[in-house]
Amino acid sequence: MVISDEPVWGDAVDNIVQESEDAVVYADMAQETVLHEGALRVLANGWVKLPTGRLLSPSAIHHIDDRTA
């Protein structure tokens, strides 16, 4: 039996993960509660990873505005 050392998902996960150098993460629709400003990475499972290593739960986030677009 041959076992591959390649990841099962290959490059598919890289196409799902999104990164932004300048974004704002809001906890509410009124944009009154800002959870984070700056660089971030949205992972394939919906969690948001901050440069500090901290993760934000998808249930805590209302929306993200990407200011680099």
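Above this text you will find the structure in question.
For clarity, every value in this text was computed on a predicted model and none was experimentally measured. (Residues numbered from 1 in each chain as written. Predicted model: local features only at pLDDT ≥ 70, side-chain atom pairs only at ≥ 80, totals over all residues. Heavy atoms only, no water.)

(A) Layout of the overall build of the protein. Counting its secondary structure elements, the protein contains 1 helix and 5 strands. In sequence order, the protein lays out its α and β elements as α-β-β-β-β-β. Here the protein holds 69 residues, and the buried ones make up 23% of them. Counted over contacts in the protein with a minimum sequence separation of 6, partners at least 24 positions apart contribute 44%. Of the roughly 5,300 Å² of accessible surface on the protein, a fraction of 52% belongs to carbon and sulfur atoms. (Helix = DSSP H or I, 4+ residues; strand = E, 2+ residues; numbered from the N terminus. Buried < 20%, exposed > 50% of the residue type's maximum accessible area, 1.4 Å probe, protein only. Contact = heavy atoms within 4.5 Å. Areas by Shrake-Rupley, 256 points an atom, 1.4 Å probe, with all protein chains shown as cover.)

(B) A look at the environment of Leu 35. Note that Leu 35 resides in strand E2 (residues 34-42). Owing to a relative accessible area of 35%, Leu 35 belongs among the partly exposed residues under this scheme. In this structure the C-alpha to C-alpha distance between Leu 35 and Val 24, which are 11 residues apart in sequence, comes to 7.7 Å. Apart from residues lying up to four places away in sequence, Leu 35 is in contact with Val 25, Tyr 26, Ala 27, Leu 56, Ala 60 and Ile 61.

(C) Structural view of the pattern of salt bridges. The tally for this structure, following the rule as stated, stands at 3 salt bridges. Between Arg 41 and Glu 19 there is a salt bridge, with the nearest N and O atoms lying 3.1 Å from each other. Residue Arg 41 is found in strand E2, and its partner Glu 19 is found in strand E1 (residues 18-26); the two are separated by 22 residues along the sequence. As a salt-bridge pair, Arg 67 and Glu 37 come within 3.4 Å of each other at their nearest N and O atoms. In this pair, Arg 67 sits in the segment after strand E5 (63-66) while Glu 37 sits in strand E2, placing the two residues 30 residues apart along the sequence. (Salt bridge = Lys/Arg side-chain N within 4 Å of Asp/Glu carboxyl O.)

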